[in-house]
Amino acid sequence: KIEEEEPLPKASDESNPKKEGSSGETPQGPWLRELLSKTGLEDHYENKLTLSTVLEINADTTSDEPLTTMQSLPGAFLNKLMMANVNARSVKCLTTDQEVSYYGVDNLDTDSDSSNVINPLDLITALFLCSDGFLQQEMVQKMSMCQFAVPLLLPNCDTKQTTLMLWALRDIVKKFRPSSQTSTKAFVEDRLVVSDIPMVSFVRIGESSLSKSHILNKLLSNPQQYHDTFVHHDMECGDVPLQISNGLVEISWYFPSGNKNTDMFTEPVAVANLRGDIRSFEKQFSFLCQTSAAVYIFTDDFEADFKVLEGKITKAELFLVVNSQNKTFRVDTLKKIITNYSINPTNVIVKKKQNDAEFVKILQSSVGDIIENRKNRLTIENMADVAHQMGILVDEDSDDCQSARKMADEITRNIKDTIQFKDKQLPLQGTIWKELSQLEKEKCRLRKAGGQDIEHYKSSLKRKEEELRKKQNKCDMSDVMTSFILGMSRSGPERSYFLKWMRINLDNLSRQNLSALRGRYKDLCQNSPEKKDEIKDLDKQLSDCSLGLEHFLRELGQLYEAACSLPEDSPQRNRWSISLDCVLRCCWMISEGED
């Protein structure tokens, strides 16, 4: 039931600093180039920043000097972010006047200089636009670790295009305990882009006296552990008008721990937040309506044009969130909007005289009901199809990325039994390799020489090594290793994508096989350390079942060493060493950060 209440006096609205949209939405045409120029990122708009560049250690990265120029902000943010510093978004230039702050009547007439400040969202958007895919992945990974919201749809106000950040999000893996696993105390571990987690989205029409981002932070936070997941007005530089990040859709996740006393929701949920007015960003709004389980629309502007909702084809349930304490609130106007735009009256959430904590509980109850209904669940990976239909770019659509994925999939798709695969396709890492490893150690330590002459003992070790290498050379190079070498021989970007796809695919396989074994191993080590035989058996199972990129690179090294042990005029050595030489140079370049 909606009851009309007397609005608060006008002074109350003027004193409210949380009014969304009140700072205005700056026309974004020429602002991108200007902001990139001010922050020193202009050259990187075309020549993207790379992860190796960001990880370089130099005088700038180790300096504790105060930030005095706009050009120093991107580097300071990235340095803090790479260290998973939760204060990474609090980067600000200090002018001479700001280095010492004081209170007094003489200071009241002094306006702060806004030309040297930037909203954290603009800085993050600029950096994502100026970074390559691998740096974007690392930024998203670190932002997720810091519990920052990460970009789902990235706007580019220069080209007027929006990009779904599927590749950037692909590396995030989370572990949680849903209500179904509470009794067994087991955890679920999965890669988020392929997880079937419902998404609820929050948008606004016109201005809203409720700070959408501030409310979302409270929605996702335990009352005793509040966290600023989304940037809001009351954060440092959060009140600076947005220049290039309107149209940005951020996403964050809530994962239950299995503790009913602290969990806000019993099942995982993704929360998306659209920056800006949906009337200006209809494409992003339409995307959210097709991919979300529910869309919550914040508004106080009942004089606004609601035609954006007219005839909207949506798979999401629409909710209207209004503040009855606002001076523009009118019950008759609200009822007219509900009727005209076919909004379910039970889906109207009105903030009355209760405080934010009580209002957030109402929102949590509503979101909890949506999660339980399990409607319109769509993985982020499947959102790419919706993006393509709406003309939204997808960052994984590049030729290098798709070609590399195809090569990696051809290698990993047929892996069913890990132990059998390693025996057949990676034969040089069996018993012979273990014996060679022991020989290498003994050649350095010479502990088993006894009373023998040292030189004679060294010669016997060398003969044993030659015999083992001969056994290795009897093994032909497997089809899988031939395909792997082909992938490693590709151009720089394609090779990097290939290695990353290999790691992703192999990690996904290992997670299925090893998750239960690791749980049992950890439980035995902590609770039953006396069961040494069981622990040893589990340790062997973990070793046998593990399969990662390191196994392929180790096989490469063994192939190379085996080839080098052959006579120089051997056809087999010439056939193998040319391709292996090229591949090992690539490995060296990658380790040196030159790729």
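Since the model is a prediction, treat every value here as computed from it, not as a measurement. (Residues numbered from 1 in each chain as written. Predicted model: local features only at pLDDT ≥ 70, side-chain atom pairs only at ≥ 80, totals over all residues. Heavy atoms only, no water.)

## Side note on the side chain of Asp 300
Tracing the backbone through its elements, the reader meets Asp 300 in the loop between β8 (294-298) and β9 (317-323). One polar contact links Asp 300 to Ser 209, side chain to side chain, over a distance of 2.4 Å. A distance of 3.3 Å separates the side chain of Asp 300 from the backbone nitrogen of Asn 323, its partner in a polar contact. Residue contacts for Asp 300: discarding those within four places in its chain leaves Glu 207, Ser 208, Ser 209, Leu 210, Val 322, Asn 323, Asn 326 and Thr 328. (Helix = DSSP H or I, 4+ residues; strand = E, 2+ residues; numbered from the N terminus. Polar contact = N/O pair within 3.5 Å; in protein donor to acceptor, adjacent residues only side chain to side chain. Contact = heavy atoms within 4.5 Å.)

## Observations concerning the packing of aromatic side chains
Under the defined criterion, the tally for this structure stands at 13 aromatic pairs. Geometrically, the ring pair formed by Phe 202 and Tyr 296 is stacked, given 4.9 Å between the ring centres and 10° between the ring planes. Of this pair, Phe 202 sits in strand β5 (residues 199-204) while Tyr 296 sits in strand β8, placing them 94 residues apart in sequence. Ring geometry for Tyr 254 against Phe 265: centres 5.5 Å apart, planes inclined by 85°, an arrangement best described as edge-to-face. On the criterion of sequence distance, the pair formed by Tyr 254 in strand β6 (residues 249-254) and Phe 265 in the loop between β6 and β7 (269-277) is long-range, its members being 11 residues apart. Accessibility expressed as a relative area gives 10% for Tyr 254, which makes it buried. Clustering of aromatic rings is evident, with ring pairs tying together Phe 134, Trp 167, Tyr 497 and Trp 501. The ring of Tyr 45 carries the charged tip of Lys 48 above its face, separated from the ring centre by 5.2 Å. (Phe/Tyr/Trp six-rings, centres within 6.5 Å; stacked < 30°, edge-to-face > 60°. Buried < 20%, exposed > 50% of the residue type's maximum accessible area, 1.4 Å probe, protein only. Lys NZ or Arg CZ within 6 Å of the ring centre and 35° of its normal.)

## Looking at the packing of helix α14 (residues 399-412) against helix α19 (residues 492-527)
Two elements in contact, α14 and α19, have axes separated by 8 Å at closest approach and are oriented at 40°. Taken as axis vectors, α14 and α19 run oblique relative to one another. α19 is crossed by α14, and the crossing has right-handed handedness. Contact with α14, carried on its side by Asp 400, Cys 401, Ser 403, Ala 404, Arg 405, Met 407, Ala 408, Asp 409, Ile 411 and Thr 412, involves Pro 493, Glu 494, Tyr 497, Phe 498, Trp 501, Met 502, Asn 505, Leu 506 and Leu 509 of α19 and no other residues of that element. Of the residues that constitute the contact of α14 with α19, the class distribution is 12 nonpolar, three polar and four charged. (Axes fitted to C-alpha atoms, helices over the stretch in contact; angles between N-to-C directions. Parallel < 35°, antiparallel > 145°, perpendicular 65-115°, else oblique. Left-handed = near helix turned anticlockwise from the far one by under 90°. Nonpolar A, V, L, I, M, F, W, Y, C, P; charged D, E, K, R; others polar.)

## Comments concerning the nonpolar core
Counting 92 residues, the largest nonpolar core has Leu 152, Leu 164, Trp 253, Phe 287 and Leu 309 as the members making the most contacts within it. Of all hydrophobic cores here, the second largest spans 29 residues; its members include Phe 484, Ile 485, Met 488 and Leu 549. (Core = buried A, V, L, I, M, F, W, Y, C linked by side-chain atoms within 4.5 Å.)

## Here's the deal with the environment of Ala 304
Structurally, Ala 304 can be placed in the loop between β8 and β9. Placed 98 residues apart in sequence, Ala 304 and Gly 206 show a C-alpha to C-alpha distance of 6.3 Å.

## A short note on the packing of helix α18 (residues 479-488) against α19
Put simply, α18 and α19 touch, their axes get as near as 8 Å, and they point 140° apart. As the angle between them shows, α18 and α19 are arranged oblique. Within the contact between the two elements, α18 uses Phe 484, Gly 487 and Met 488 and α19 uses Arg 495, Phe 498, Leu 499 and Met 502. Classifying every residue of the contact of α18 with α19 by side-chain character gives five nonpolar, one polar and one charged.

## Concerning the sheet that holds strand β10 (residues 348-351)
With mixed pairing, nine strands are arranged side by side in an open sheet as β10-β9-β8-β5-β7-β6-β1-β2-β11. Strand pairing shows two members of the sheet lacking a second neighbour, β10 and β11 (393-394), which therefore form its edges. Helix-sheet contacts for helix α6 (residues 120-129) involve β1 (150-156), β6 and β7, and the interaxial angle to β1 is about 75°. (Pairing = 2+ DSSP bridges.)

## Notes on the confidence of the model for the chain
For the chain, the mean per-residue pLDDT works out to 84, and 87% of the residues sit at or above 70. pLDDT under 50 marks residues 1-18. Its contacts with residues more than four places away, or in other chains, come to 32 contacts. Note on residues 96-103: pLDDT is under 50 here. Beyond four places in sequence and across chains, it has four contacts. (pLDDT = per-residue confidence, 0-100.)

## Here's the deal with helix α10 (residues 282-291)
Among the 10 residues that make up α10, eight are buried, leaving the element largely enclosed by the rest of the structure. Taken residue by residue, α10 has Gln 284, Phe 285, Ser 286, Phe 287, Leu 288, Cys 289, Gln 290 and Thr 291 as its buried positions.

## A word on the pattern of salt bridges
As enumerated under the stated definition, the model contains 18 salt bridges in all. The residue Glu 138 makes a salt bridge to Lys 142 at a minimum N-O spacing of 3.9 Å. A residue pair is termed a helical-turn pair when its members lie 3 or 4 positions apart in one helix, as Glu 138 and Lys 142 do in helix α7 (residues 133-145) at four residues. Linked by salt bridges that have partners in common, Arg 170, Glu 381, Glu 396, Arg 405 and Asp 409 make up one network. (Salt bridge = Lys/Arg side-chain N within 4 Å of Asp/Glu carboxyl O.)

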